Amino acid sequence: APVMTAATQALKQRYRGSNVIYGGAGNKILAAALGEVTVSLQHKVGGPWDLCAPTAVLLGFGGKITDLFGEEISMYQSEGTGFGRSNERGWIATPPNMEEVHMNIVKCL
């Protein structure tokens, strides 16, 4: 997707990093929780089943997750319809002790 290409390029330039491909939303967020990556970035989300457990682990380890705009992740549709698509604004997940980096990434995007 063009948004991911642009975001990835911006972050690689800013932080001189590389792009690591992980399969599955949970694996991407857990990589951040374990400090295997500086940031996990995703432009869309399938549903709450993709985010609930890995987000709990990430937060339990002291990491941070927001949408691409720095707002709290919305697990369920605002209409309260239950198991709908969750946050349509993607996510940024960072390891513990990376609060400043997280906020700089939000600004960079």
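Draft legend 1. How the structure looks around the packing of helix 1 (residues 2-15) against helix 4 (residues 99-108). Running from N to C, helix 1 and helix 4 point in directions that differ by 130°, and their axes come no closer than 10 Å. Viewed along their axes, helix 1 and helix 4 adopt a mutual orientation that is oblique. Remark: the crossing between helix 1 and helix 4 carries right-handed chirality. Along the contact surface, helix 1 presents Ala10, Leu11, Arg14 and Tyr15, while helix 4 presents Val101, Asn104, Ile105 and Cys108. Looking at the contact of helix 1 with helix 4 residue by residue, the class counts come to six nonpolar, one polar and one charged.

Draft legend 2. Summary view of helix 4. For helix 4, the full list of buried residues reads Val101, His102, Ile105 and Val106. Around the axis of helix 4, the buried residues are gathered within 140° of arc, so they sit on the same side. Summarising the geometry of helix 4, the exposed residues directed more than 90 degrees from the buried face are Glu100 and Lys107. Residues of helix 4 that are buried in the fold lie against helix 1, strand 2 (64-66) and strand 3 (91-94).

What counts, and at which threshold
- Residues numbered from 1 in each chain as written.
- Predicted model: local features only at pLDDT ≥ 70, side-chain atom pairs only at ≥ 80, totals over all residues.
- Heavy atoms only, no water.
- Axes fitted to C-alpha atoms, helices over the stretch in contact; angles between N-to-C directions.
- Helix = DSSP H or I, 4+ residues; strand = E, 2+ residues; numbered from the N terminus.
- Parallel < 35°, antiparallel > 145°, perpendicular 65-115°, else oblique.
- Left-handed = near helix turned anticlockwise from the far one by under 90°.
- Contact = heavy atoms within 4.5 Å.
- Nonpolar A, V, L, I, M, F, W, Y, C, P; charged D, E, K, R; others polar.
- Buried < 20%, exposed > 50% of the residue type's maximum accessible area, 1.4 Å probe, protein only.
- Arc of directions from axis to C-beta.

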